[in-house]
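Summary of the model geometry
Each chain, written out:
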Amino acid sequence: LFRIERNGVLIDAAELAKQSNDLGQRIVQLEKEAFEIAGQPFNLASPKQLGEIFFDKLGMPVVKKTATGARSTDEEVLEKLAEDYPLPAKLLEHRSLSKLKGTYTDKIALLADRNGRVHTHYAQAVAVTGRLSSNDPNLQNIPVRTPEGRRVREAFIAPQGRVIASADYSQIELRIMAHISGDESLLRAFHDGIDVHKATAAEVFGVPVDQVTSEQRRYAKVIN
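Predicted model, so just to flag it, every value in this text is computed and none were measured.

A few words on the environment of Phe190. Residue position: Phe190 is located in helix α8 (residues 184-191). Phe190 sits 24 residues away from Ser214 along the chain, and the two C-alpha atoms are 20 Å apart. Among all residues touching Phe190, those that are not within four sequence positions of it are Gln171, Leu174, Arg175, Ala178 and Val196.

What follows is the structure, given as structure tokens:
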């Protein structure tokens, strides 16, 4: 671990700069679209202004209130309102991309040494699960659920003539569980080489394995 920390991981600063630029343009575009829907410019980070536009001007329902009795516009409220209204959906995307830009694409390159390598710290006895945790910066928390988040991972590269290799136990806990429980579906999935999360999703959602969506697989993974 000490060697890994000392060696660091090589990053492609030019790729991160390009991503920052792309994200910046999309963020500005989302701001314009939000202003058009609202019919006026406003501060996207102001709960007071959001409350006035959402509930007074556009007549959206109040989902919940804060401890002080103000109408809440937190993330949970935005997600609920985004099911029926376009403006909260724009704001959620704006927040998500702004966080990605501020936390990752703008910042990671600044943490690199003169050789273009970023050095994280691995903690062996912090996470309750017994896994390693990474901090300063947290390289184990690079987003993966959105296309923009997955792009950030492309900036972590191998030196010329080398490769980054990834090795992982294949569902070790679930294999042990299948063995101990004797569950037919689990055993069949492993025996036939089927993606075990897709197999569970197929059962839970009552669809063929080849028609399982990535979102259904994600739910099944939580269940497993």
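Residue Pro137 is bonded to the preceding Asp136 through a cis peptide linkage, with omega at 0°. Here Pro137 lies in the loop between β4 (133-135) and α6 (147-153). A positive phi angle is found at Asp136, which is not glycine, with a value near 60°. Mapped onto the elements, Asp136 comes out in the loop between β4 and α6. Phi at Gln171 takes a positive value of approximately 50°, unusual for a residue other than glycine. Relative to the elements of secondary structure, Gln171 occurs in the loop between β5 (156-157) and α7 (172-181).

With respect to the helices, strands and loops of the structure, Gln216 is situated in helix α10 (residues 214-223). For Gln216, a relative accessible area of 18% translates into the label buried. Among all residues touching Gln216, those that are not within four sequence positions of it are Ala201, Phe205, Val207 and Gln211.

Before going further, it helps to spend a moment on the pattern of salt bridges. Per the stated rule, a full pass over the model turns up 13 salt bridges. Across the salt bridge formed by Lys18 and Asp22, the nearest N and O atoms sit 3.2 Å from each other. Highlighted residues: Lys18 and Asp22, both in helix α2 (residues 13-38), separated by 4 residues, approximately one helical turn. Taking the relative accessible area as the measure of exposure, Asp22 reaches 29% and is therefore partly exposed. Between Arg26 and Glu93 there is a salt bridge, and its shortest N-O distance comes to 3.2 Å. Of this pair, Arg26 sits in helix α2 while Glu93 sits in helix α5 (residues 86-105), and the two are 67 residues apart along the sequence. Judged by its relative accessible area of 29%, Glu93 is partly exposed.

Criteria and thresholds
- Residues numbered from 1 in each chain as written.
- Predicted model: local features only at pLDDT ≥ 70, side-chain atom pairs only at ≥ 80, totals over all residues.
- Heavy atoms only, no water.
- Helix = DSSP H or I, 4+ residues; strand = E, 2+ residues; numbered from the N terminus.
- Contact = heavy atoms within 4.5 Å.
- Buried < 20%, exposed > 50% of the residue type's maximum accessible area, 1.4 Å probe, protein only.
- Salt bridge = Lys/Arg side-chain N within 4 Å of Asp/Glu carboxyl O.

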